[in-house]
Structure formats: structure tokens, C-alpha cells
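Geometric and topological summary
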Amino acid sequence: MDMKTISELASFIKGAPTAFHAVEKMGGMLEEEGFEELKEREKWELKPGKGYYVTRNGSSIIAFKAGAKLSDYTFHVTASHSDSPGFKLKENAELDVKKRYTVLNTEGYGGMICSTWFDRPLSVAGRVIVKTDEGLKARLVDLDRDLLMIPSLAIHMDRSVNDGHKFNKQVDMLPLFAGEEKAPGAVKELVAKELEAKAEDIYGMDLFLYNRMAPAVWGSDNEFFSCPQLDDLECAFASLKGFLSGGNERNVNVFACFDNEEVGSGTKQGAGSTFLYDVLWRVNLALGKDEEDFLRAVAGSFMLSCDNAHAVHPNYKEKTDATNCVYMNEGIVVKSHAGQKYTSDALSIAVMKAICEKAGVPLQFFANRSDEAGGSTLGNIAMSQVSMNAVDIGLPQLAMHSAYETCGVKDAGYLIRAAESFYKSHISAAGDGTFHIE
């Protein structure tokens, strides 16, 4: 088992309590490998063989490296997402309760399993906009201590709690902040102290609750790994590692990680935005290519849409398809859906099989039960802006959208190897149903 990879993944996720922090961590990993940050507002001058990255909103990131032999180039793209379901603080967060408690006013972000947020230490992290002499500046903050908790109601006051409970996010999910009445702005004062700034200089805050529980390796043979935000930081981390170790002189290799997948991807930094198209088009222009070159390149290109998949649950095995079900530690998952919630088709699945064969990585296949509605992901959404051949893949996990999720210790390593194989290959669609993989 690759415990070194799991240790690195645990460190990565622990340092990424929000999408903003995840993107900062990814930018740091890229810079350690010599990548240079670009700004969307500046003119791009690129050199083949050198790596670059650009962020949007501080919560989405795209990195790329162009080979030196681009006469018939294609884009090789992996796409994942940086956000996870949770709770966001409202602007005026402090709520007094009988002058004995202060709770914080929150709203749900994405489709979380509410029950998993009770009775565990929580804290607050995110992005803050601070007024400075140079203008308004974005800064990241993590209060990094056991600060909050959402206490359960005692069973004596709700005898039916184990018979099923519908949670009201405005009533049931407000975290306890203090054992006294706190004045409005108390959270802002804590944030200002952490940033060594004045509270009156904080002009905006995007703050989220996060689970403080430490990552854990467990099981009779240490075969399982649990932590917050595996969906989708496990795929983001693994595909980035593969991107950094792979390369082909005939490719423009691209790593993309988008925000807001959990709420539909329809933001300026989501997969449904122009972010990917804008970056690919600007790369094409900066490398001296024209529109015809770009359209030909995109038509021959390939994307791995990377978002985690549902493993068979030991207590609810009937919830998964009889023959297209997957297990932790048994390889990368290819996801298919007749209603086109996933991008996978016979052609793209065949390419993924070839990639995994080259990497020596096992492959599994997932489909939803036909009588159950399944989820969707960012692949098809991204394709609405820039269309290329794509396959939806992921890593098998349990408790998706819980505050504490579980995966297998082997699977992140499988994706790193497969992504490296993908980026080292030169894949081109001929346009007649034929793929060339070199």
C-alpha cells in the first residue's frame, strides 16, 4: 500500500479547509515544480516546455504546459472540483439566544448529509477582503482551532430521532459559538485579530464552517482512509500529481480544478463558465496558432472528468446496480449514464482502458440502478463551453457528502499513475471514430 501518497493526501486536505485554500495549495505545488503564475488581465507570453497556471476568483485554477513539437497538437485535460458541501456564514452571523448563548447564522452550500455535522469540533475559514493603502486585497483566513459545535438535541426531547428526522437548516444546523451574548461583529473581530488587521478594514467575507476531525487510516489491514472533503479533493490532488509527473512534446497538457460544482457550476469560476475555453484559446494564440489550429486541436483533444464515485455500501448493497458496482481499493471507476449525466461513451471508455493498461492500473465500471436517480458532475457542463472527447471517472468512496468520508488507501495512487500515463501519451481523435494513442 502506498502510505506515502496517503500521507501527502492527508496533509493536502488538512491544509485546504475551503476551495480558496485548496487552490492556494495547488498553486504552491505547481510553483515548487517551476510553474509561473499568470494573470487573466495581463498579456501572456509563453514558452514551449515551461509550465504556467492561472486562477479565477481564487477558488478555481488551470495549469498547463505546452510541448515543443506542436505541429499536430491536442489538449490533454483533467478536470476536478475544489468545493465540498457545507455551511457558509451569513453576513450578519451572530444570533443571541436568551442572552445566554450566541449561535452563528449559516446557510447550506450544496447537498450535505446534515446529521454528520453534529457533535464534532468545527472552525471557520475562507476569504476576506481587506482595505489597504493599495486598495482592496483578498486574504485567506483559517481560525484553526476548535471554535464551534452543532449540538444534537437529546433523545429525551425527541424520542423519534432514530426513526428518521428532517433537518431544518435555519433551526437545527446553527453552530454554538459562545456561552454568552456576543455583540454583532464578534466573528469579524476574531478574523481581524487573526489577520492582524482592523475590523473596520474588513469589507467582505466568504467564510465557511469546516470539520476539524483529523484524517485517519483504519481497518483490520489499514485499508481505509477517512477525512473531510474527499469528494473531490482526492481526485484534484491525484490528477495534479499525475500532471506534474507526465508530459509529451506533442501535447498541451492541462490541469483544471473548478469551484462551485456542488451548486451547479454556473458561476464565473465554475465548469459552466468560459474559464477553460478562455485559457485554451489564449494558450493557442500565445503559441502563434490561429483559429483553424485551435478548432483542429480541440476536435482531437481528450478530457478526463475526475469526480469520485459511490462504492458498494456494506449495509446497503441493494442501493447499487447488480453488475456495474464498484469497490474501494479495486481501481479507478468509469461512470456511464444512458441519460448523459456523464460524458463516457464507447469511444472514450476504450481510450480510458488503453490508458490504464499502459499504466498497469485496474479499472471498474459504475452505473446507477435504473430505478434510482443518480448525481451528475462537471464533465458535460464543461463541454457546453469547449467540446472535446471525454470520459467521466472517479475513485470509489463511502459516505459521499458526509462531513467525514471514506475511501481506499490504494486508489489515489492508481489515479496518479493513470493521469501520468494520460499526460505522457499523445491521444488524437481522427474524427471518424478512430483514436490514435502514442
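Described in the following lines is the structure provided in the data block. All values reported here derive from a predicted model rather than from experimental measurement.

Time to look at the sheet that holds strand E3 (residues 60-66). Reading across from one edge, E1-E2-E3-E13-E4-E14-E18-E16-E17 is the order of the nine strands in this open sheet, with mixed pairing throughout. One side of each edge strand has no neighbouring strand; the edge strands of this open sheet are strand E1 (36-38) and strand E17 (363-366). If you compare each strand with its neighbour and ignore which way they point, the axes differ by 25 degrees on average.

So, on to the pairing of strand E14 (residues 302-306). Most of E14 is tucked away: five of the five residues are buried. The alternating pattern of E14 places Phe 302, Leu 304 and Cys 306 on one face and Met 303 and Ser 305 on the opposite face, and all of these are buried. Where strand E4 (residues 74-81) lies against E14, four bridges are found, and the strand directions are parallel. Bridging across to E14, Val 77 finds its partner in Met 303. Inspection of the sheet shows E14 paired to strand E18 (residues 389-394) by five bridges, in the parallel sense. Within E18, the residue paired with Cys 306 across the bridge is Ile 393.

On to helix H2 (residues 19-32), then. Residues separated by three or four positions in an α-helix point in the same direction, a consequence of the helix having 3.6 residues per turn. The terminal C-alpha atoms of H2 lie 20 Å apart, and with 14 residues this matches the ideal 20 Å at 1.5 Å per residue to within 8%. The set of residues buried in H2 consists of Ala 19, Phe 20, His 21, Ala 22, Val 23, Met 26, Gly 27, Met 29 and Leu 30. One or two residues past the end of H2 sits Gly 34, with phi positive at roughly 90 degrees.

For the rest of this paragraph, the subject is the environment of Leu 104. You can see Leu 104 is positioned in strand E6 (residues 101-109). Along the primary structure Leu 104 and Thr 406 are separated by 302 residues, whereas in three dimensions their C-alpha atoms are 29 Å apart.

With that settled, consider the packing of aromatic side chains. In the structure shown here, the tally under the stated rule is 18 aromatic pairs. Ring geometry for Tyr 73 against Phe 75: centres 5.4 Å apart, planes inclined by 90 degrees, an arrangement best described as edge-to-face. A residue is classified by how much of its surface remains accessible, and Tyr 73, at 5% relative accessible area, is buried. What makes Phe 75 buried here is its relative accessible area of 0%. For Lys 88, the ring lying beneath its charged end belongs to Phe 208, and the centroid distance is 5.8 Å. We note Arg 282 situated over the ring of Trp 44; from NZ or CZ to the ring centre the distance is 4.1 Å.

Thresholds, definitions, all that
- Residues numbered from 1 in each chain as written.
- Predicted model: local features only at pLDDT ≥ 70, side-chain atom pairs only at ≥ 80, totals over all residues.
- Heavy atoms only, no water.
- Pairing = 2+ DSSP bridges.
- Helix = DSSP H or I, 4+ residues; strand = E, 2+ residues; numbered from the N terminus.
- Axes fitted to C-alpha atoms, helices over the stretch in contact; angles between N-to-C directions.
- Buried < 20%, exposed > 50% of the residue type's maximum accessible area, 1.4 Å probe, protein only.
- Expected span 1.5 Å × (residues − 1).
- Phe/Tyr/Trp six-rings, centres within 6.5 Å; stacked < 30°, edge-to-face > 60°.
- Lys NZ or Arg CZ within 6 Å of the ring centre and 35° of its normal.

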